[in-house]
Amino acid sequence: MTRIAMLGTGLIGSSYTQALHAGRSRDRVQLVYSRSPENAAAFAAKWGVDRWTANLDDAIGDDSTDAVIIALPNDLHERAVMAAAKAGKAVLCTKPLGRSSAEALRMLRAVEAAGVFHGYLEDLVYPPKTLKGLQSVQAGDLGRILWVRSRETHPGPHSDWFWNQQRAGGGAIIDLGCHCIEIARAFIGKDIRPVEVVCWGDTQVHPIEAEDHAIGMVRYENGAIGQFEVSWAFRGGMDLRDEVAGTEGTLWLNHWLRTGMEMYSAKDSAQCTTEKSERSGGWMFPVGDEVAALGYNTMFTDMLDAMDQGRQPSETFYDGYVVNAIVDASYRSIQSKRWETIDLPIWRGR
Ligand SMILES: NC(=O)C1=CN([C@@H]2O[C@H](COP(=O)(O)OP(=O)(O)OC[C@H]3O[C@@H](n4cnc5c(N)ncnc54)[C@H](OP(=O)(O)O)[C@@H]3O)[C@@H](O)[C@H]2O)C=CC1
Ligand SMILES: O=C1CO[C@H](CO)[C@@H](O)[C@@H]1O
């Protein structure tokens, strides 16, 4: 059993807790942190969590827990990671690891220096169909991987802080592109060095400083291309799709819209809605088990099994740092309108 302190009571703190309590079922969120005692108490009551606190350092240092899960806005990740490393706690952090690769590198160095277990919670390399696809690709069924296209688009984030460039570290690229970049990296091979990026990004719709649309191409040392397409202004729900093209085959994955369940309700207050859907009536495209479809159950099984077995999980802070380095180069490329080199002061692949 792993005893967990959950930092954050928002969308992802709730999804993680749901997955943890349902998955291996022996793992428990023992303690939850929110800035607000009311939110913390409500979260604890809803998810059957014994204790809550409105003090971040108390939550991280609490003696009764083994691991800390960071489900806080991006600008609080580094502070929470540093405190967890200092307290000698295993630490699992949501995406993106940092707002920049400099932040991510400091976090990687801190957990490694402290010798604590660390996991990067990139759920979208863990959906069951992605795991099956990865197994096939690794067995060579698709031949040499040439091109991976990964797309995540929706109408825009659900909380204010995402829209603040300073707090989030950017716009749609850091928020959604981080998923697409790691999905492509997983299919191309995480030991293959990402070399350079060319990226277009613009603020086409929303009154914000950061980009609400972007398309980027990441060139890997073996010639493969990872393409990401992101939007915070796509209408019609959340479009989550991946395509993998190899010399011997093709793989297409659709995770969200029209995945097999289509429903019509003449009412406009139907209960059967899905994350980021824009309507609760008319034709709807729900997802049967959202938590499972997004890979949270399988992700925590890998993370917590790895912790028990004294091995690394598939996604560590090192992966989060590589993703942040690719995101940084993408932002430079938007400005320069040229291919930009990906700076990786630490590289552990081929
Ligand atoms: N698929 C995935 O892996 C997803 C990952 N994420 C990531 O999870 C993190 C949190 O996102 P999400 O849960 O969607 O965000 P929410 O806005 O839904 O929740 C944020 C939580 O942080 C708490 N919080 C503590 N301090 C602050 C602060 N200074 N400002 C704002 N909130 C604060 C808020 O609670 P309170 O007000 O009670 O203190 C709230 O519980 C982000 O890093 C995001 O990128 C998000 C969605 C999906
Ligand atoms: O995939 C996701 C869905 O949207 C959220 C808000 O933009 C993201 O933070 C999240 O990673």
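Residues numbered from 1 in each chain as written. Chains lettered and ligands numbered in written order. Predicted model: local features only at pLDDT ≥ 70, side-chain atom pairs only at ≥ 80, totals over all residues. Heavy atoms only, no water.

How do you make sense of the domain arrangement of the protein when you look at a structure like this?
You'll often see interface size given as the accessible area lost when the parts meet. Assigned domains within the protein: domain 1 (3-124) and domain 2 (126-296 + 323-341). Between the C-alpha centres of domain 1 and domain 2 the distance comes to 24 Å. Counting the surface domain 1 buries against domain 2, the share from its top three residues, Arg99, Asp123 and Leu124, is 34%. Remark: the boundary between domain 1 and domain 2 carries 2 salt bridges. Asp175 is the salt-bridge partner of Lys95, the closest N and O atoms lying 3.0 Å from each other. Here domain 1 and domain 2 share 8 residue pairs in polar contact (both at pLDDT 80 or more) between them. Here the side of domain 1 that touches domain 2 takes 6 residues from helix H1 (residues 11-22), the largest share from any one element. Residues that form the side of domain 1 that touches domain 2 fall into these classes: 11 nonpolar, 6 polar and 5 charged. (Domains from an automatic or database assignment. Buried area = accessible area lost by both parts, 1.4 Å probe. Salt bridge = Lys/Arg side-chain N within 4 Å of Asp/Glu carboxyl O. Polar contact = N/O pair within 3.5 Å; in protein donor to acceptor, adjacent residues only side chain to side chain. Helix = DSSP H or I, 4+ residues; strand = E, 2+ residues; numbered from the N terminus. Nonpolar A, V, L, I, M, F, W, Y, C, P; charged D, E, K, R; others polar.)

Looking at this structure, I do not really get the sheet that holds strand E2 (residues 28-33). What am I missing?
As summarised here, the arrangement of the 6 strands in space is E3-E2-E1-E4-E5-E6, forming an open sheet in which the pairing is parallel. In this open sheet, the two strands that pair with only one neighbour each are strand E3 (51-53) and strand E6 (118-121). Taking each pair of neighbouring strands and ignoring which way they run, the sheet shows an average axis angle of 20°. Across 4 bridges, the pairing between strand E1 (residues 3-7) and strand E4 (residues 67-70) is parallel. The partner of Leu7 across the bridge, within E4, is Ile70. In the packing of helix H4 (residues 77-86) onto the sheet, the strands contacted are E1, E4 and strand E5 (90-94), and the crossing angle to E5 comes to about 170°. (Pairing = 2+ DSSP bridges. Axes fitted to C-alpha atoms, helices over the stretch in contact; angles between N-to-C directions. Contact = heavy atoms within 4.5 Å.)

Even after reading the chapter, I still don't get the site of ligand 2, so can you show me in this structure?
Close to ligand 2 lie Lys95, Glu152, His154, Pro157, His158, Phe162, Asp175, Leu176, His179, Met238, Glu275 and Lys276, which account for all nearby residues. Within the side chain of His179, one N or O atom sits 2.7 Å away from an oxygen atom of ligand 2. When atoms are counted within 2 Å of each cavity's grid points, the one that captures over half of ligand 2 is the largest pocket. The element that contributes the greatest number of residues to the shell around ligand 2 is helix H8 (residues 172-188), accounting for 3 residues. For the shell around ligand 2, the residue count by class is 4 nonpolar, 3 polar and 5 charged. (Near = heavy atom within 4 Å. 1 Å grid on protein atoms, 1.4 Å probe; cavity = no way out; pocket = protein on both sides within 12 Å on 5 of 7 lines; lining within 4 Å. Sits in = over half its atoms within 2 Å of the grid points.)

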